[in-house]
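A closer look at the structure
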Amino acid sequence: MNARILHIGVLDIQGQVHAVSFQEGVNVVTGRSSTGKSALIEIFDFCFGSSDFTVPVGVITDCADLYFTVMKVNESALVLARRSKDNKAFLKEELNLQRLEKVNTLSVDYFDDDYFSPLSDFLKELKRYFGVVVTDIDEDLAARGWRGAKSSTPSARSFTSFMLQHQNLVANKHAIFYRFDQKEKREQAIDHLKIFLGFADQNYFIKSQELNALLQEQRLLERSIPRREGAKESAKIKLLNALREYEAISGKTLIDDLDNAVTQPKLTLRILREAKVEVVADSDAHSRLRQEAENEERKLVARLRLKQQELGTVDSSIDFSRRHYERSKETDVPASAELHVSICPFCNSQNNDVEEQANELTDAINWLNSELSRSSYRLESFEEQRKNIQLDIDVIKPELALCRQQIKAIDKQVTDLEKVRSQYELAVESKIRVENVLSELADLQGKQPDGDLEKLKGTIRELKSYLKANYDIESNLAKAQVRIQELLSLFGSRFDFEKSYTPIRLHFDLETFDLWHEMEANKKVFLRSMGSGANWLSCHLVLFLALQRYFCEVGKNCTVPPILFFDQPSQVYFPSILDGGVEFSAEELAKKDTSRDKSRPVDEDVKAVTNLFDQLVTYCQETKDATGIMPQIIVTDHADHLTLSGAVTFESLVRARWRQDSDGFIELKNIDHGLQDELEFSEPPETAIKTELLEEES
């Protein structure tokens, strides 16, 4: 993404423009406290769609009618603007960049009401200019159904987590990313990163939805196969019973090959429907089949009773083990026996019998402890045995019921023959039952889930191959993790860390967005445990420089603008709230800072701050040389007149300097005198300064 900020400003209530213009590379806005430096990052955030208005209360909020930001995005310009008490936002694209080179061309008339839209519509339109066109990021539609709503789609607001380091965040030990205090925003930023990096687009999510739908269908089919097999087995048993009934009443065998009938039910059914019913009046088949069923019944009854006896024995063992275990917990078990040598009172000779008995007692104690400790294990073993026996009983009972049903059916045939119905009628009825069971088997076979499953698996393999070949999110994120790790190591060696953390070995997890320093033996030291403010500041700087460098290396596929805001980074060395002089003086600030470590020379702090700006300049040039993209870094700070080590001077980086009494983001000397008097009357200058100081401190 090729983007940078051209201007940040306000239109006051008199229609005058107050703005700061920026260039690519490092930009510095410097000045004393309470001049509006920190307002720049807040105005940009507000114009970029923030739902909160956080511009510090004071002269700016009293004078401003409209806040605006002008950005260059690729080859055009975007003008973003908002009013503090309006829920609408202004968005206009200008194809002629030269028209906006001079910020004074932005008059009240420029901000036509036709370009203002509700904030939600504004954000939808804004993200399109940055190439974020994904509108559905759910990978599984079933999960969406459980949630009852679509997942939040990527927004340009997520960019700010990678761009903005506010004054209260840039050296914070508890937080690293802007907006991550809200769990939902944190999860969205992490989840959307693969989209911002160009690893995933809308087609990826559509294909992922198709894949997950197919996987769900596969699971359903796989679960249906055992049920279908069970239904086939049940139908096979029903077919066997129906054939036995037919043979018992007719005296003839209807189907010779039962297995063939089960595997080819349609063919068997067609042949069977063409076959005539034949009966043998003097057949003894019913007697033979009844005898077979009775024999099978006796065997099953015998097996059932044996299993029931085993179950009763196991239940008794479980009851005994449970009572034994409960009693053993109440038993005071000796841990050892004390040994005393026995001495004869007459001859003073020693007797070793006591020692031998003590050894036997020790063995007995060990055995008892071992037996008592195994009680619970024995109980578990009995429970497993009981479950297996119960399963055997559950299998025998249906088989026994089936045998009795067969006997009952044969007896019913005899009863029916004694009545009006003929042997032929009963045989026809039995044949119809056989045909019905064969029809049921044919229906089960017609579904053929095995074939459908194999076809489904083939489609799933093709989709997985497509996603891996065209996206391979996991592999790309793993490569990104490795590269960011290399950049952390590179930039970490250039910033100021305490000696106990050098050489610094920073690690960043793309799945959790956690940052830590890795000590020896893989011990992780997270940011909150890393000691001084200098460490916290350096960690923030190194991480965001590494991330932005990687974004630039991804190039045009990355949608995150190469813009970084650092508000008051030198505060860990020189508290900005103490700076009210017309010139920046490190020595004077050090004297005012009562919390400062007096043993640390002021020169070291100046050197650390100077190195910070040196490294930012070097970083921008190295990134442009390596990627062709020059990042834009905007630093608002009170540090001034530093002597940098390279060819670039600090003065060449300064875009605004506010040190005099009338200086500031809103220049009071340009404000109408009547309005000045009104502002001074409504809020004395010292009150305004105090308000802004408290705001900065908080």
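As a reminder, the structure under discussion sits directly above these lines.
Parameters at a glance
Residues numbered from 1 in each chain as written. Predicted model: local features only at pLDDT ≥ 70, side-chain atom pairs only at ≥ 80, totals over all residues. Heavy atoms only, no water. 1 Å grid on protein atoms, 1.4 Å probe; cavity = no way out; pocket = protein on both sides within 12 Å on 5 of 7 lines; lining within 4 Å. Points joined across faces, edges and corners; volume = space filled by probe spheres on them. Helix = DSSP H or I, 4+ residues; strand = E, 2+ residues; numbered from the N terminus. Nonpolar A, V, L, I, M, F, W, Y, C, P; charged D, E, K, R; others polar. Polar contact = N/O pair within 3.5 Å; in protein donor to acceptor, adjacent residues only side chain to side chain. Pairing = 2+ DSSP bridges. Axes fitted to C-alpha atoms, helices over the stretch in contact; angles between N-to-C directions. Contact = heavy atoms within 4.5 Å.

1. Concerning empty space enclosed by the protein
This structure, assessed with the given rule, holds 2 cavities of 30 Å³ or more. Size it by volume and the largest cavity reaches roughly 50 Å³. As for the largest cavity, its lining consists of Phe495, Asp496, Leu537, Ser538, Leu541, Tyr573, Ala608, Asn611 and Leu612. Going through the elements one at a time, helix H16 (533–554) and helix H18 (602–627) are the ones with two or more residues in the lining of the largest cavity. The residue makeup of the lining of the largest cavity, split by class, is 6 nonpolar, 2 polar and 1 charged.

2. Brief notes about the layout of surface pockets
To locate leftover empty space, one rolls a probe as large as a water molecule over the atoms. Its volume calculated, the largest pocket comes out at about 1,200 Å³. Lining the largest pocket are 47 residues, with Phe177, Tyr178, Arg179, Phe180 and Asp181 sitting closest to its centre. Secondary-structure elements contributing two or more residues to the lining of the largest pocket are helix H1 (37–47), helix H3 (119–129), helix H6 (183–196) and helix H20 (685–697). Per-class residue counts for the lining of the largest pocket are 13 nonpolar, 19 polar and 15 charged. Roughly 620 Å³ of volume is contained in the second largest pocket. What lines the second largest pocket is a set of 22 residues, among which Lys194, Tyr204, Ile473, Glu474 and Leu477 lie closest to the centre.

3. Observations concerning the side chain of Thr35
Secondary-structure assignment places Thr35 in the loop between strand E3 (25–31) and H1. Polar side-chain contacts of Thr35 include one of 2.9 Å to the backbone oxygen of Arg32.

4. What to know about the sheet that holds strand E12 (residues 515–518)
Taken together, 3 strands build an open sheet; the order of strands is E11-E12-E13 and the sheet is antiparallel. Each having just a single partner strand, strand E11 (506–508) and strand E13 (524–526) make up the two edges of the open sheet. Sheet twist, expressed as the mean angle between neighbouring strand axes with direction ignored, is 40 degrees. Of the pairings in the sheet, the one linking E11 to E12 comprises 3 bridges and is antiparallel in character. Across the sheet, residue His507 finds its bridge partner in E12, namely Trp516. On top of the sheet, H16 reaches E11 and E12; it is set at about 55 degrees to E11, its chief contact.

5. Considering the sheet that holds strand E6 (residues 88–94)
For sheets, the rule is that strands pair by backbone hydrogen bonds, running either parallel or antiparallel. Sheet architecture is open: 6 strands sit in the order E2-E1-E4-E5-E6-E7, paired in antiparallel fashion. Of all strands in the sheet, those bounded by a partner on one side alone are strand E2 (17–21) and strand E7 (116–118). Here the average twist between neighbouring strands, direction ignored, is 25 degrees. In the sheet, strand E1 (residues 3–12) pairs with strand E4 (residues 64–73) via 9 bridges, with the strands oriented antiparallel. Residue pairing in the sheet places Asp12 in a bridge with Ala64 of E4. Here H1 sits on the sheet in contact with E1, E2, E4 and strand E5 (76–82), set at roughly 80 degrees to E4. Contacts between H3 and the sheet are confined to E4, E5, E6 and E7, with E6 contributing the most and set at about 25 degrees to the helix.

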